[in-house]
Amino acid sequence: MPRGGARPGAGRPKGGRKQPAASAPIDGAPQLSRPRFDGPKDFGVWALNAPDAEVSMDQKLRAMQVLATLAGKQAEPKEDKPAAPVPSKYAPREVKGFRVVAGGGK
């Protein structure tokens, strides 16, 4: 079994580190520009109203999910009432009352 040294076909191919040049925009091709959004709700509304050429169906479905979760997270105004104490494992038990048991003491 060979040890160490160069082996034919081993290692990175020559020129493998070079990155392909970025393709230049083609003249006359429509440039799709998307606006910047302040939050997920703005993107969701834009994606649902955008034509199908700009937004894929997958992105529209994601936008619907985002809007559905945001609609579920809207906080409803709650009444201000004192919080009830939560019984814990180590809290003392509540004593309802004492009874004297007629014992048979001598």
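Residues numbered from 1 in each chain as written. Predicted model: local features only at pLDDT ≥ 70, side-chain atom pairs only at ≥ 80, totals over all residues. Heavy atoms only, no water.

1. Section: the overall build of the protein chain
Regarding its fold elements, the protein chain presents two helices and zero strands. Within the protein chain, the proportion of its 106 residues that are buried is 7%. Pairs at least 24 apart in sequence give 17% of the contacts found in the protein chain among residues at least 6 apart. Entry remark: accessible area of the protein chain is about 11,100 Å², with carbon and sulfur atoms responsible for 56%. (Helix = DSSP H or I, 4+ residues; strand = E, 2+ residues; numbered from the N terminus. Buried < 20%, exposed > 50% of the residue type's maximum accessible area, 1.4 Å probe, protein only. Contact = heavy atoms within 4.5 Å. Areas by Shrake-Rupley, 256 points an atom, 1.4 Å probe, with all protein chains shown as cover.)

2. Details of the environment of Arg62
Within the element layout of this structure, Arg62 appears in helix α2 (residues 57-72). It is 9.1 Å that separates the C-alpha atoms of Arg62 and Ala47, two residues lying 15 residues apart in sequence.

3. A look at the pattern of salt bridges
Within the structure shown, the criterion is met by two salt bridges. With a closest N to O distance of 3.6 Å, Asp58 and Arg62 form a salt bridge. Separated by four residues within a single helix, Asp58 and Arg62 lie in helix α2, roughly one turn from each other. With a relative accessible area of 43%, Asp58 lands in the partly exposed category. With relative accessibility at 52%, the residue Arg62 sits in the exposed group. (Salt bridge = Lys/Arg side-chain N within 4 Å of Asp/Glu carboxyl O.)

4. Remarks on the environment of Ala71
Along the chain, Ala71 turns up in helix α2. In sequence terms Ala71 and Lys41 are 30 residues apart; their C-alpha atoms lie 9.6 Å from each other.

5. Focus on the packing of aromatic side chains
All told, the structure shown has three aromatic pairs when counted by the stated rule. When the ring of Phe37 is compared with that of Trp46, the centres are 5.4 Å apart and the planes differ by 50°; the resulting orientation is tilted. On the accessibility criterion, Phe37 (29% relative accessible area) is partly exposed. Measuring from ring centre to ring centre gives 6.2 Å for Phe43 and Trp46, while their planes differ by 40°; the resulting arrangement is tilted. Highlighted residues: Phe43 and Trp46, both in helix α1 (residues 40-49), separated by three residues, approximately one helical turn. Taken together, the ring pairs connect Phe37, Phe43 and Trp46 into an aromatic cluster. (Phe/Tyr/Trp six-rings, centres within 6.5 Å; stacked < 30°, edge-to-face > 60°.)

Read these as layout, nothing more, since geometry by itself doesn't imply function.
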